[in-house]
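# Secondary and tertiary structure notes
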Amino acid sequence: MKKKTIILLPLIVVAIVCAVVFRKSDIGMTYHKSSGLVFGTSYNITYQSYEDYSDEIKAVLDSVDNSLSPFNEKSIITAVNENRDVQVDDDFIRVFTLARQVHDATDGAFDITVAPLVNAWGFGFRKGDFPTPAEIDSMRTIVGMDKVKLVGRKIVKADPRIMLDCSAIAKGYAVDKIALMLKRKGVENFLVEVGGEIVAAGTNPKGKEWSIGVTKPVDDSLSVNSDLQMILTMTDCALATSGNYRNYYVKDGHKYAHTINPKTGNPAESNSLSATIVAPSCAEADAYATACMVVGKDKALQILNRQADKKYIIIYDNNGKTEWVVSPELKLTDK
C-alpha cells in the first residue's frame, strides 16, 4: 500500500503542475500590441505573450535612434558626421559592416556615404536647395564606401566633408533587433513593423500565417493611399519595400524622388515603381530594396538572382502599364 502511495505521488504532482500551466496558457497567453512614432515614422508590433513588453520595445528603438539617426543631434552618427571624437557602439558597427557588404553585392548601388547628395536634393537631415550640376560633381568626389572605414571603434574618413546616412538600413535593423529581443523573451508568434519594414514569425491571432499588403505604387505625397497591389502570406522571414511614390517633389514639371543614385549624384530615374524584398534579415531587405530602386528592374533582377536567400516583388512601368515580376517561391493572393 505504501509503495502505491509513493509511486502515485509524483504523478499527482505532475498532473497538478500541468493543469496550472495549461490554465495559465488559456488565460494569460494573449496578443499584445505596441505602437508609436520613431525615426519620423510609425511602428506597430503585435506579439503573443504573457507579458507586455512595450517598455522593452521602446528601449530598443531608442538605442537604435541614439546610434544611427542623423536627425538626432545627440546620436553617434551625428557626432561622426560632425567629425567629433567619438567611439561607435555595437549597433553602429553591425550596420556599417552590413552596409559595406550590400554596397559590394549591389555594385555600389547601395551607399551610405550618399548623405551629402541626399541633403542637397532636399531629402536628408540637412535641407539643400536644388544643387547645380557643378555642385553635384563636387559632392560626388566625397561619396563612396572606399573613402570611409572602421578602425576599431572609430570611423576614419578620407575627407572631413564625408557624411553618413543609414536611413535606408536602420529601420530594418531596428525591426531585427526588436524581433531578436522578443525571441529571447520566449515569444514565438509576432509581427514587428517599423515604417513598413517587417519581420514576421509564427502565426497571427487567427492561427494562420501573417498577411502583408503590398501597396499600389501610385504617387501619394500625402500618404493617404491605402490601395493594395497584392497580398503576401509569410512567416519566419523579413520584408522591406522601397518606392518613389511618396517621398518626392515636382519642380518645373519634373518629378524628383528621394532615392539618389550615388554614381550619378541625381535622383534615380528607372522603370521600377517599387521593390519589395524578402530576406533572412530586415536590415538586408531594407538595403537591397533601396538598391533595386536605384538601378531599375533589369539590373535589380541580375543582383537579386545572385542572392539565393533573397526573394522579390518588383513592380515596374512598362510603357505606361504597371506590371510586376515575383519570385515563384512567394505566396501571393489577390488584394
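Below: a short report on this structure.

Parameters at a glance
Residues numbered from 1 in each chain as written. Predicted model: local features only at pLDDT ≥ 70, side-chain atom pairs only at ≥ 80, totals over all residues. Heavy atoms only, no water. Pairing = 2+ DSSP bridges. Helix = DSSP H or I, 4+ residues; strand = E, 2+ residues; numbered from the N terminus. Axes fitted to C-alpha atoms, helices over the stretch in contact; angles between N-to-C directions. Buried < 20%, exposed > 50% of the residue type's maximum accessible area, 1.4 Å probe, protein only. Arc of directions from axis to C-beta. Contact = heavy atoms within 4.5 Å.

## Some details on the sheet that holds strand S8 (residues 228-234)
Ordered in space as S7-S8-S15, the three strands form an open sheet in which the pairing is antiparallel. The two strands at the open ends of the sheet, each matched to only one other strand, are strand S7 (210-215) and strand S15 (331-333). Strand after strand, the sheet turns through a mean of 35° between neighbouring axes, direction not considered. As judged from the six bridges shared by S7 and S8, these two strands associate in the antiparallel manner. Bridge assignment links Val214 to a residue of S8, and that residue is Met230.

## Comments concerning the sheet that holds strand S1 (residues 30-38)
The sheet built from eight strands is open, its strands ordered S1-S2-S5-S6-S9-S12-S13-S14 with antiparallel pairing. The open sheet has two edge strands with one neighbour each: S1 and strand S14 (321-326). Each neighbouring strand pair of the sheet contributes to a mean axis angle of 15°, computed without reference to strand direction. Relative to strand S6 (residues 197-201), strand S5 (residues 190-194) is paired through five bridges, and the arrangement is antiparallel. Each bridged residue has a counterpart across the sheet, and for Leu191 the counterpart in S6 is Ala200.

## Focus on helix H9 (residues 297-304)
By the burial criterion, the buried members of H9 are Lys297, Ala300, Leu301, Ile303 and Leu304. Taken down its axis, H9 places every buried residue within 160° of arc, on the same side. Where H9 is buried, its residues contact helix H4 (90-105), strand S12 (272-279), helix H8 (282-295), strand S13 (311-318) and S14.

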